[in-house]
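A closer look at the structure
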Amino acid sequence: MNSVRLPALAAAVAFLITALYAVDPGPYAMAAFVFLAQPLFVIAGAGYAYRVWKDLRGRKVL
Amino acid sequence: METADVFRVLTGVLSVLGALLCVWVARVNFGRIDPERKVSLGVATVSGVAFFKLLALAALFAVPAATVAVANYHTVEGVHGVEACNRCHVMTPMVTDMRDASSQTLAARHFRNGWIAKDQCFVCHSDYGLAGDLRAKMEGYRHLARYTTGTFTEPIKFRGVFHNDNCLKCHEGTPRFVAVPSHVTVRARLADSSLSCLNCHGRAHPTRDQRTPGHADYGRLTGEKR
């Protein structure tokens, strides 16, 4: 595993949307959190898990 | 400070912390970390690579999980307040009317007489909306999507059935309720909501006509928000 840049950037965007939602919990910020930030968190987590899995496969741990 | 506010602040703090962690982790190339580098965590000393992998785990799993949990709690708690409903302009006529001292709607009478101390919308509508059961939450998300994408027409119309339980949970069994003979006569129909409380007690909110753009009352009820 050399880098987790893409998952980290996806999560960073999701965190920023969530921060905006915390500052102004209006309908648009809520929709952005529900429909954008949460899927981005899932994508980031899945991307990270895939890299860990690939890394462990490469080292013949799995 | 109310619980929803505490969770809101916590959401903000976790989000900023998470974003900073993510930016830090995104800049790291694990292959270029000096294998001899050691990092002390206080209770243990780990290699630099292990440290950044733990950091990635925190940034991409632990902190997001905590943030999503806290933010969702904030969402569910935060929608109890009247202002949460009032943020969507289509709900403003209901809130304006409720606070109108001269209005005779049920909502206004309950508000004026202090019959519901706080979270007035939620108390009467707790079986649907974001704080209701799972199916109701899904409905809430549908409302959110429709509102934010502008795929709705005014006046909005409630598609479901308003269950009398929302009224009966406070009124049933009280001396004033029991003293009305018709309440006993139609008890079964009230219980299954086949007869609405509104049939005898008047409308709860402004009429659909009043909430239609172009109506004489529309500007007053919406506070000319549009």
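Placed above this text is the structure.
Notes on the structure in this doc start here. For every chain, the first residue of its written sequence is number 1, and the numbers climb from 1 along that sequence. Labels follow written order: the first chain is A, the first ligand is 1, and so on. Totals for whole chains, interfaces and linings use every residue, but because this is a predicted model, local features are given only for residues with pLDDT of at least 70 and side-chain atom pairs only at 80 or more, for both listing and counting. Side-chain numbers come from the whole structure's heavy atoms, not from hydrogens or water.

**Looking at the overall build of chain B**
- Each helix corresponds to a stretch of at least 4 residues labelled H or I by DSSP, and each strand to a stretch of at least 2 residues labelled E; elements are numbered beginning at the N terminus. On a plain count of helices and strands, chain B comes out with 13 helices and 2 strands.
- Taken over C-alpha atoms, the radius of gyration comes to 25 Å for chain B, far larger than the 17 Å a tight globule of 226 residues would show.
- Considering only C-alpha atoms, chain B reaches an extent of 85 × 45 × 30 Å along its principal axes.
- Residue contacts follow a heavy-atom distance rule, with two residues in contact if any of their heavy atoms lie within 4.5 Å. The contacts in chain B between residues at least 6 apart in sequence include a share of 59% that link residues at least 24 apart.
- The positive charge centre, built from 27 side chains, and the negative charge centre, built from 19, are 3 Å apart in chain B. Radius of gyration means the value over C-alpha atoms here, while the globule rule gives 2.2 Å times the residue count to the 0.38 power. By the counting rule applied here, Lys and Arg register as positive and Asp and Glu as negative, while His and the ends of each chain are not counted. A charged residue contributes its charge at one atom only: NZ of Lys, CZ of Arg, CG of Asp or CD of Glu.

**A few points about the packing of aromatic side chains**
- Centres within 6.5 Å make a pair out of two Phe, Tyr or Trp rings, where for Trp the six-membered ring is used; the pair is then stacked when the planes are under 30 degrees apart, edge-to-face when over 60, and tilted otherwise. Within the structure shown, the criterion is met by 10 aromatic pairs over all chains.
- Arranged with centres 5.6 Å apart and planes meeting at 70 degrees, the rings of A:Tyr48 and B:Phe61 form a pair that is edge-to-face. Of this pair, A:Tyr48 sits in helix H2 (residues 27-58) while B:Phe61 sits in helix H2 (residues 48-78), placing the two residues on different chains.
- Using a 1.4 Å probe on the protein chains alone, a residue whose accessible area is under 20% of its type maximum counts as buried, one over 50% counts as exposed, and one in between counts as partly exposed. Given the relative accessible area of 6%, A:Tyr48 is considered buried.
- Overall, B:Phe61 belongs to the partly exposed group, its relative accessible area being 36%.
- Following the ring pairs from residue to residue traces out a cluster consisting of A:Tyr28, B:Tyr147 and B:Phe152.

**A look at the pattern of salt bridges**
- A pairing counts as a salt bridge when a side-chain nitrogen of Lys or Arg comes within 4 Å of a carboxyl oxygen of Asp or Glu. The full count for this structure, using the stated rule, is 6 salt bridges over all chains.
- For A:Arg59, the salt bridge goes to A:Asp55, with nearest N and O atoms at 3.2 Å.
- In this structure, B:Lys53 and A:Asp55 form a salt bridge, with 3.2 Å as the shortest nitrogen-oxygen distance. Placement of B:Lys53 in helix H2 and of A:Asp55 in helix H2 is noted, with the two residues assigned to different chains.
- When salt bridges that share partners are traced, they join A:Asp55, A:Arg59 and B:Lys53 into one network.

**Some remarks on the environment of B:Gly18**
- Along the chain, B:Gly18 falls in helix H1 (residues 3-26).
- Considered as a pair, B:Gly18 and B:Thr67 are 49 residues apart in the sequence and their alpha carbons are 8.4 Å apart.
- Residue contacts for B:Gly18: discarding those within four places in its chain leaves A:Phe15 and B:Val63.

**Description of the interface of chain B and chain A**
- In this complex, chain B contributes 37 residues to the contact, which on the side of chain A involves 35 residues.
- Here's the idea: put two parts together, see how much 1.4 Å probe accessible area each one loses, and the total over both is what we call buried area. Of the roughly 2,900 Å² buried at the junction of chain B and chain A (both faces included), carbon and sulfur atoms supply 73%.
- In this assembly, chain B and chain A are joined by 1 salt bridge.
- In the analysis that follows, any N or O atom pair within 3.5 Å is treated as a polar contact, provided that within protein one partner can donate a hydrogen and the other can accept it, and provided that, for residues neighboring in sequence, both atoms belong to side chains. At the junction of chain B with chain A, the criterion picks out 8 residue pairs in polar contact (both at pLDDT 80 or more).
- Elements with a contribution of two residues or more to the side of chain B that touches chain A: H1, H2 and helix H7 (134-149) of chain B.
- Among the elements that take part in the side of chain B that touches chain A, H2(B) stands out by supplying 14 residues, more than any other.
- Just so you know the grouping, Ala, Val, Leu, Ile, Met, Phe, Trp, Tyr, Cys and Pro go in nonpolar, Asp, Glu, Lys and Arg go in charged, and all remaining residues, Gly too, go in polar. Among the residues forming the side of chain B that touches chain A, the class breakdown is 23 nonpolar, 11 polar and 3 charged.

**With respect to the packing of H2(A) against H2(B)**
- Axes, fitted as lines to C-alpha atoms, cover a helix only where it is in contact. Angles between the N-to-C directions of the axes lie from 0 to 180 degrees. Two elements in contact, H2(A) and H2(B), have axes whose closest approach is 10 Å; the angle formed by their N-to-C orientations is 155 degrees. One finds that H2(A) runs roughly antiparallel with respect to H2(B). As H2(A) packs across H2(B), the resulting crossing turns out to be left-handed. Side by side, H2(A) and H2(B) meet where A:Met30, A:Phe33, A:Gln38, A:Phe41, A:Ala44, A:Gly45, A:Tyr48, A:Ala49 and A:Asp55 of the first sit next to B:Lys53, B:Ala56, B:Leu57, B:Leu60, B:Phe61, B:Pro64, B:Val68, B:Ala71, B:Asn72 and B:Thr75 of the second.
- Its residues assigned to classes, the contact of H2(A) with H2(B) shows 13 nonpolar, 4 polar and 2 charged. Note on terminology: angles under 35 degrees are roughly parallel, angles over 145 are roughly antiparallel, angles of 65 to 115 are roughly perpendicular, and the others are oblique. Handedness of a crossing is defined here by the sense of rotation of the near helix relative to the far one, left-handed for an anticlockwise turn of less than a right angle and right-handed for a clockwise turn.

**Looking at H1(B)**
- Residue count minus one, scaled by 1.5 Å, sets the expected span of a helix. For H1(B), built from 24 residues, the straight-helix expectation of 34 Å at 1.5 Å per residue is met to within 8% by its first-to-last C-alpha distance of 34 Å.
- Taken together, the buried positions of H1(B) are occupied by B:Ala4, B:Thr11, B:Gly12, B:Leu14, B:Ser15, B:Gly18, B:Ala19, B:Leu21, B:Cys22, B:Val25 and B:Ala26.
- Looking at the buried positions of H1(B), the neighbouring elements they touch are helix H1 (5-23) of chain A together with H2 of chain B.

**Examining a nonpolar patch on the surface**
- Residues enter patches when their relative accessible area tops 30% and they take part in no salt bridge; the joining distance is 9 Å for like charges and 5 Å for the nonpolar side chains Val, Leu, Ile, Met, Phe, Trp and Tyr. Note on areas: these come from Shrake-Rupley sampling with a 1.4 Å probe, and a residue is covered only by the protein chains present in the view. On the surface, a cluster of nonpolar side chains totalling about 480 Å² of accessible area is made up of B:Leu41, B:Val43, B:Leu54, B:Leu57 and B:Phe61.
- By secondary structure assignment, the location of B:Leu57 is in helix H2.

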